[in-house]
Amino acid sequence: MARATEFDSLKSWPVGGSRYYIVYNDDSAVLFLNKTLVGVTKFNRKLLSKKHPEKKFSKPLTSPLAEGGL
């Protein structure tokens, strides 16, 4: 599990009326569109120079919620 304090670098760029943000460290990168999580990926410095870096991110798997009575 990653903590926010482990990410110390940021890149952002506008898209229409919204803005993408990549927060990253030497291992991982996390992409947000405004304040919404878009995806995560392994960090690679080339990612920062891609024309459309958002295509390299995938949505993290979420654990299923428990159903039924306890």
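Above: the structure in question.
### Remarks on the packing of aromatic side chains
Here is step 1 of the chain: Scanning the entire structure with this criterion turns up two aromatic pairs.
Here is step 2 of the chain: One cation-aromatic arrangement involves Lys 11 over Trp 13; the distance from NZ or CZ to the ring centre is 5.8 Å.

### Describing unusual backbone geometry
Here is step 1 of the chain: Within the chain, Asn 34 stands out as a residue other than glycine whose phi angle is a positive 60 degrees.
Here is step 2 of the chain: By relative accessible area, which is 39% here, Asn 34 ends up partly exposed.

### Quick look at the nonpolar core
Here is step 1 of the chain: Counting ten residues, the largest nonpolar core is built from Trp 13, Tyr 20, Ile 22, Tyr 24, Ala 29, Leu 31, Phe 43, Leu 47, Leu 48 and Phe 57.
Here is step 2 of the chain: Elements with a contribution of two residues or more to this core: β2 (18–24) and β3 (28–33).
Here is step 3 of the chain: When residues in this core are grouped by element, the largest group, three residues, is from β2.
Here is step 4 of the chain: Leaving out residues up to four positions away in the same chain, Ala 29 has contacts with Ile 22, Val 23, Tyr 24, Gly 39, Val 40, Thr 41, Phe 43, Leu 47 and Phe 57.

### Focus on the sheet that holds strand β4 (residues 36–42)
Here is step 1 of the chain: Strands sit in the order β1-β2-β3-β4 across an open sheet of four strands; the sheet is antiparallel. In this open sheet, the two strands that pair with only one neighbour each are β1 (9–15) and β4. The sheet shows a mean angle of 20 degrees between the axes of neighbouring strands, taken without regard to direction.

Conventions adopted
Residues numbered from 1 in each chain as written. Predicted model: local features only at pLDDT ≥ 70, side-chain atom pairs only at ≥ 80, totals over all residues. Heavy atoms only, no water. Phe/Tyr/Trp six-rings, centres within 6.5 Å; stacked < 30°, edge-to-face > 60°. Lys NZ or Arg CZ within 6 Å of the ring centre and 35° of its normal. Buried < 20%, exposed > 50% of the residue type's maximum accessible area, 1.4 Å probe, protein only. Core = buried A, V, L, I, M, F, W, Y, C linked by side-chain atoms within 4.5 Å. Helix = DSSP H or I, 4+ residues; strand = E, 2+ residues; numbered from the N terminus. Contact = heavy atoms within 4.5 Å. Pairing = 2+ DSSP bridges. Axes fitted to C-alpha atoms, helices over the stretch in contact; angles between N-to-C directions.

Shape is all these values report; function is a separate question.
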